[in-house]
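One letter stands for each residue in the lines below.
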Amino acid sequence: MRSCHRPVLIVLVGALAACTSAGGPDLSEMSFSDEPLLGKLVWYDLITDDAEAAQRFYGGLFGWSFEKTRGPRGNDYYLVRDGGIYLGGVVPVADPGDGSELSRWLPYVSVADVDDSVARARLEGAEVVVEPLDVGLGRVAAVVDPQGAAFGLARSEIGDPDDATTAGGPGRVVWAELLADDAAAAASFYEAVVGYGVRAVERQGGLYTLLVADGRVRAGILPNPTDWKPQWLLYFGVADPAAAAVRAESLGGRILLAPTPEVRDGRIAIVSDPSGAVLVLRAWPIADEEIRRWAS
């Protein structure tokens, strides 16, 4: 996996304005916090060079619907909707034809001050690929961390989608994990830039790092066991990871890791969508004892 190209993230941030602009989507079934939920991942964009295939794939796999809209530069942008809840967007980009793998999921984390977080990221060795930018109802930026993982920073003027709105379930993001070559360095970076607290826990496979904000575990860091480039992985809830992986393959995706007892007790599968974006299929619901172990 290669790192993101600057033009892709510029398109991404431009497109984000479409989903936060006045007169935009109907948010009546969503609820928002009075204050920012700092450290929470609040939006997810799929960058893809085949938006039509992506809609068929994710619609068939998770039952999502899509609403076409336009960014401020006239670019297409597709809002992702699960019932009455908006989860993120699909950003079409052109294949540069040079073998670069552009397609990926990219999360946005809520921060108190986008400009301050960008300044901290730069001091910590990150590449700021999109400087702080005002969009319809907030301010955003895009950063590639020192190890090469891309993510967004966001501050919303209407509050963040609250935890009830974004509750886990089938077809929802139920976990986010940074695949890092140096987990300790990554933890230090996100602690400085986002303000996370860092908690190390022992689990099957070794030491794991949790990123905590306001007493809530918001994401994790996994020491990279693969030859993939560092990146953020999103986990989506499914009833049966094995069956969902087979379904993903039938929809044009590829199975990268079928469920196996040696990896997360067989409760995950890793697949890629038709354009190569990687996602994790996670058995849902998560057992109460597992939630208590991770939260302790």
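Calculation criteria
- Residues numbered from 1 in each chain as written.
- Predicted model: local features only at pLDDT ≥ 70, side-chain atom pairs only at ≥ 80, totals over all residues.
- Heavy atoms only, no water.
- 1 Å grid on protein atoms, 1.4 Å probe; cavity = no way out; pocket = protein on both sides within 12 Å on 5 of 7 lines; lining within 4 Å.
- Points joined across faces, edges and corners; volume = space filled by probe spheres on them.
- Helix = DSSP H or I, 4+ residues; strand = E, 2+ residues; numbered from the N terminus.
- Nonpolar A, V, L, I, M, F, W, Y, C, P; charged D, E, K, R; others polar.
- Expected span 1.5 Å × (residues − 1).
- Buried < 20%, exposed > 50% of the residue type's maximum accessible area, 1.4 Å probe, protein only.
- Core = buried A, V, L, I, M, F, W, Y, C linked by side-chain atoms within 4.5 Å.
- Contact = heavy atoms within 4.5 Å.

S.K.: Tell me what's going on with empty space enclosed by the protein, and back it up with residues and numbers.
M.R.: In total, this model carries 3 cavities of 30 Å³ or more according to the counting rule given. The computed volume of the largest cavity comes to approximately 90 Å³. R104, W105, A150, Q231 and W232 are, among the 12 residues lining the largest cavity, the residues nearest its centre. Elements with a contribution of two residues or more to the lining of the largest cavity: strand 5 (104-110) and strand 13 (231-238). Of the residues that constitute the lining of the largest cavity, the class distribution is 9 nonpolar, 2 polar and 1 charged.

S.K.: I'd love a proper account of helix 2 (residues 51-62), names of residues and values included.
M.R.: Compared with the 16 Å implied by 1.5 Å per residue over 12 residues, the 16 Å span of helix 2 between its first and last C-alpha is a close match. Taken together, the buried positions of helix 2 are A51, A53, A54, Q55, F57, Y58, L61 and F62. At the C-terminal side of helix 2, G63 shows a positive phi close to 80 degrees.

S.K.: Help me get a handle on the nonpolar core, residues and values and all.
M.R.: Counting residues in hydrophobic clusters, the biggest one holds 75 residues, and the most contacted among them are Y58, F62, W105, Y190, W232, L279 and L281. Ranked by the residues each element gives to this core, the list is headed by helix 4 (residues 183-194), at 7 residues. When sequence neighbours within four positions are dropped, the list of residues in contact with W105 reads Y44, D45, L46, Y58, W64, W232, L234, F236, A277 and V278. V212, L222, L233 and V280 belong to the second-largest nonpolar core, a separate cluster that totals 15 residues.

None of the figures reported here should be taken as evidence of function without further support.
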